Amino acid sequence: MTAAGTRHSTRLRSGLRSDPVTADYLQVLALDLLDAAADGLALARTGHAAPTRQYVSHGPPAVDGCDDPTFTGQLTVHYGRPAIRQRSAPDRPAVPRSLEVAPVGLLVIQLWRCYPTVREDGAAPDTATLNNAADSLNRDLWCMMTQIYGEHFVNPQTLFTGASCSSVSFGDPSSLGSPQGGTAGWEWTIEVGLNDAGP
């Protein structure tokens, strides 16, 4: 879990940017992205409480907690598809086999908030309640996106401070909703070119 303005990488041991990378390389990248997203979702940015739970998950996380009045949401990062990609195009001159492929990782941000659902008396939420909930989620997305974009494009080299990556490619955010109702949010995928030096 992070506190607003506190970056995980500042609490990890030094030397993580040097090669060869350490065994916790993938975790450090995920923590850096989690911290950037959390900074964007701080109370001072969105106008409402930051998510109560903030952590790196192994795979898509379970979502619960709305029965707890102190719960204000959940922010996670997990790897969706670490893979090996072709690095060289067919029309390029031959290159050493070790340079023909490169590892990539798909980092997935998930943000969940409690969302209005059918009341105990069976009545649907009124439109004002639904509008306010949508407004909060749209604020979340905009503040999170601008924070992460700013750290990558405006202040380069500040997004991934704990470990280096060769490239960053941003996907399109998509809305999330629980089939059972009661929770909603956003998912955003970011593909990074991984350092292939190994520990």
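One can find the structure itself at the top, above this paragraph.
What counts, and at which threshold
Residues numbered from 1 in each chain as written. Predicted model: local features only at pLDDT ≥ 70, side-chain atom pairs only at ≥ 80, totals over all residues. Heavy atoms only, no water. Core = buried A, V, L, I, M, F, W, Y, C linked by side-chain atoms within 4.5 Å. Buried < 20%, exposed > 50% of the residue type's maximum accessible area, 1.4 Å probe, protein only. Helix = DSSP H or I, 4+ residues; strand = E, 2+ residues; numbered from the N terminus. Contact = heavy atoms within 4.5 Å. Phe/Tyr/Trp six-rings, centres within 6.5 Å; stacked < 30°, edge-to-face > 60°.

K.L.:
Give me the nonpolar core: which residues, what numbers.
P.N.:
The biggest cluster of nonpolar side chains holds 33 residues, and the ones touching the most others in it are Leu 33, Leu 75, Ile 109, Met 144 and Ile 148. Looking at this core, the elements with two or more residues in it are helix 1 (25–40), strand 2 (74–79), strand 4 (101–114), helix 3 (127–154) and strand 7 (183–193). Tallying contributions element by element places helix 1 first for this core, with ten residues. If sequence neighbours within four positions are ignored, Met 144 has contacts with Ala 37, Gly 40, Leu 41, Leu 75, Ile 109 and Trp 188.

K.L.:
Describe the packing of aromatic side chains, with residues and values.
P.N.:
Any aromatic ring pair is given by two values, namely how distant the centres are and how the planes are angled relative to each other. On inspection of all chains with the given rule, the structure shows five aromatic pairs. Seen in terms of ring centroids, Tyr 149 and Phe 170 are 5.0 Å apart; in terms of plane orientation they differ by 70°. Their pairing is edge-to-face. Of the two residues, Tyr 149 sits in helix 3 while Phe 170 sits in strand 5 (residues 167–170), which places them 21 residues apart along the sequence. With 5.6 Å between their ring centres and 45° between their planes, Phe 153 and Phe 170 make a pair best called tilted. Here Phe 153, found in helix 3, pairs with Phe 170, found in strand 5; they are 17 residues apart in sequence, far enough to count as distant. Residue Phe 153 is classed as exposed on the basis of its relative accessible area, which comes to 53%. Here the aromatic residues Tyr 149, Phe 153, Phe 170 and Trp 188 are joined through ring pairs into a cluster of three or more.

By themselves these figures say nothing about function.
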